[in-house]
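Residue-level listing of the chains:
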Amino acid sequence: MNTLPGILITGANRGLGLEWARQYAEAGWQVIASCRHPEAADELKALAGRHPRLSVHRLDVTDGEQLRTLQLDLEGARIDVLLNNAGVYLDKFMDAFGGIDYDIWLRTFAVNTLGAVRVSEAFAGHLARSEKRLVVAISSHMGSIAEIGAPGNYAYRSSKAALNAAMKGLSHALAQHGIGVLLLHPGWVGTRMGGPDAMLTPAQSVRGMRALVDNFQMALNGRFFRYNGTEIPW
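Residues numbered from 1 in each chain as written. Predicted model: local features only at pLDDT ≥ 70, side-chain atom pairs only at ≥ 80, totals over all residues. Heavy atoms only, no water.

Caption draft 1: The environment of isoleucine 138, seen in detail. With respect to the helices and strands, the residue isoleucine 138 is situated in strand 5 (residues 134-138). Isoleucine 138 has contacts with Trp20, Leu83, Asn84, Asn85, Lys160, Leu163, Leu184, Pro186 and Met209, leaving out every residue within four places of it along the chain. (Helix = DSSP H or I, 4+ residues; strand = E, 2+ residues; numbered from the N terminus. Contact = heavy atoms within 4.5 Å.)

Caption draft 2: Fine view of the side chain of lysine 160. Its location among the elements puts lysine 160 in helix 6 (residues 154-175). Put simply, lysine 160 is tucked away with no salt bridge, and the nearest opposite charge, on aspartate 91, sits 11 Å away. Setting aside chain neighbours within four positions, we find lysine 160 in contact with Asn112, Ile138, Ser139, Ser140 and Gly143. (Buried < 20%, exposed > 50% of the residue type's maximum accessible area, 1.4 Å probe, protein only. Lys, Arg positive; Asp, Glu negative; His and termini not counted. Salt bridge = Lys/Arg side-chain N within 4 Å of Asp/Glu carboxyl O.)

Caption draft 3: A look at the sheet that holds strand 5. Spatially, seven strands are ordered 3-2-1-4-5-6-7 in an open sheet, and the strand pairing comes out parallel. One side of each edge strand has no neighbouring strand; the edge strands of this open sheet are strand 3 (54-58) and strand 7 (223-226). With strand direction ignored, the average angle separating the axes of adjacent strands in the sheet is 20 degrees. Inspection of the sheet shows strand 1 (residues 6-9) paired to strand 4 (residues 81-84) by three bridges, in the parallel sense. By the bridge assignment for strand 4, leucine 8 is matched with leucine 82. Against the sheet, helix 4 (residues 102-122) contacts strand 4 and strand 5, and its axis sits at roughly 165 degrees relative to strand 4. (Pairing = 2+ DSSP bridges. Axes fitted to C-alpha atoms, helices over the stretch in contact; angles between N-to-C directions.)

Caption draft 4: Empty space enclosed by the protein, seen in detail. Considering all chains together, one arrives at two cavities of 30 Å³ or more under this definition. Its boundaries defined by the atoms lining it, the second largest cavity holds a volume of some 30 Å³. Together, Thr10, Val61, Asn84, Ala86, Val111, Gly115, Ala116 and Val119 line the second largest cavity. Per-element tally for the lining of the second largest cavity: the top contributor is helix 4, with four residues. Broken down by class, the residue content of the lining of the second largest cavity amounts to five nonpolar, three polar and no charged. (1 Å grid on protein atoms, 1.4 Å probe; cavity = no way out; pocket = protein on both sides within 12 Å on 5 of 7 lines; lining within 4 Å. Points joined across faces, edges and corners; volume = space filled by probe spheres on them. Nonpolar A, V, L, I, M, F, W, Y, C, P; charged D, E, K, R; others polar.)

And the structure:
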């Protein structure tokens, strides 16, 4: 059996996902980096070229067939941490009340909510056989109902609120198998989603979140934190 800890990352081709892959590869972990189009993931492939313990895999989190293929490919892999990072923000600046695009809303839910739960369900067995046994979901403070102070972003906000609710429920189910669940808000980060005016670099955000992952204890199971360790209300 592989003695090195392993992490499976979704949406690892750019932004936060790529930075998670970089930091865990540099820490000596086995990194299973997945994304929808690995053939176009130039930065991720370059990272894999520098780190032989990093492998790149195809996964669209909304595609059940791709998920089953990845399960088979990783049948004997060690996965200590499952990082549900894949997400979309399709309604940014374009969902004023009266002109909501419900197809975009459904697509957002399919990726941000159902995708994370689907992947968690598929790899729960791998996690149960590992040492760390942790599911991490990258959420957003925009999924906090208590922090909604303005209109708009209905699809994204509701998808992240639903993710939080689903993961809170999963935290009770998975605890029976010794698996923890941690919900994280990365902050406002300078990625394609966050934009050029963001306050944090991906490296800063991931360093903060990694500290929470590395120091996780079951007392934190099913709770929701900012990258800097402050807890977020539901």
